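Given next are the chains, with one letter for each unit.
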Amino acid sequence: MPRYLSMVRIDESTAPAEGPSPELMQRMGDLLEEMTKAGVMLDTAGLLPSARGKRVRWEGGELSVTDGPFTETKEVVGGYALMQCKDMDEAVEWTTRFLKVHEEHWTVTCEVREITEG
């Protein structure tokens, strides 16, 4: 069965400074438990804010390292989910359910991509 990576992108300017609410964490935990029991979820995690990250870039034969936050970027990767689904439609269905557990003040985008095998 194919594997899919859902990259969770958030707008840090609309995310609460204190992080997700307890209610959001409960809804997310319930969905992740359901996905795990269904055999879909292989791995998932959230990431610390971009202010605690670094960007490593290779361009024109030169390497650069930039400390976060990355103010020129509107959305940053806030987490990921590695899923095993029968097809892209199923991966998008689970991702849609994940997005819907968030409160309205969140701006969240998920990019779902199939992982190449072989």
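Residues numbered from 1 in each chain as written. Predicted model: local features only at pLDDT ≥ 70, side-chain atom pairs only at ≥ 80, totals over all residues. Heavy atoms only, no water.

> Summarise the sheet that holds strand E5 (residues 75–84); cite the residues concerned and give the values.
Ordered in space as E2-E5-E1-E6, the four strands form an open sheet in which the pairing is antiparallel. What marks the edges here is a single partner per strand, and that holds for strand E2 (41–46) and strand E6 (108–114). Neighbour to neighbour, the strand axes of the sheet diverge by 20° on average, direction disregarded. For E2 and E5, the ladder comprises five bridges, and the chain directions are antiparallel. Along E5, the bridge assignment pairs Thr-44 with Ala-81. (Pairing = 2+ DSSP bridges. Helix = DSSP H or I, 4+ residues; strand = E, 2+ residues; numbered from the N terminus. Axes fitted to C-alpha atoms, helices over the stretch in contact; angles between N-to-C directions.)

> Pulling in residues and values, what's your account of unusual backbone geometry?
With an omega of 5°, the peptide bond running from Gly-68 to Pro-69 counts as cis. Mapped onto the fold, Pro-69 is located in the loop between strand E4 (62–67) and E5.

> Lay out the side chain of His-102 with the relevant residues and their values.
Mapped onto the elements of the fold, His-102 is located in the loop between helix H2 (88–100) and E6. Among the polar contacts made by the side chain of His-102, one reaches the main-chain carbonyl oxygen of Phe-98 at a distance of 3.2 Å. The residues touching His-102, leaving out its near neighbours within four places in the chain, are Leu-24, Arg-27, Met-28 and Val-108. (Polar contact = N/O pair within 3.5 Å; in protein donor to acceptor, adjacent residues only side chain to side chain. Contact = heavy atoms within 4.5 Å.)

> Please set out the nonpolar core residue by residue, giving values where relevant.
Of all hydrophobic cores here, the largest spans 22 residues; its most connected members are Met-35, Met-83, Cys-85 and Trp-94. Looking at this core, the elements that each hand over two or more residues are strand E1 (3–11), helix H1 (22–37), E5, H2 and E6. With four residues, H1 is the largest single contributor of residues to this core. (Core = buried A, V, L, I, M, F, W, Y, C linked by side-chain atoms within 4.5 Å. Buried < 20%, exposed > 50% of the residue type's maximum accessible area, 1.4 Å probe, protein only.)

> Residue-level account of the pattern of salt bridges, with values.
Side-chain pairs of opposite charge can arise whenever the charged atoms involved come near each other. This model, assessed by the stated rule, comprises nine salt bridges. Between Arg-97 and Glu-34 there is a salt bridge, with its nearest N and O atoms 2.8 Å apart. Taken together, the positions of Arg-97 in helix H2 and Glu-34 in helix H1 put the pair 63 residues apart, joining distant regions of the chain. Residue classification places Arg-97 among the partly exposed residues on the basis of a relative accessible area of 34%. Sharing partners across several salt bridges, the network here consists of Arg-9, Glu-111 and Arg-113. (Salt bridge = Lys/Arg side-chain N within 4 Å of Asp/Glu carboxyl O.)

> Mind laying out the pairing of E1, listing which residues take part and the relevant values?
Relative to E5, E1 runs antiparallel, the two being bridged by nine bridges. Along E5, the bridge assignment pairs Tyr-4 with Met-83. Across seven bridges, the pairing between E1 and E6 is antiparallel. Residue pairing across strands places Val-8 opposite Cys-110, the latter belonging to E6.

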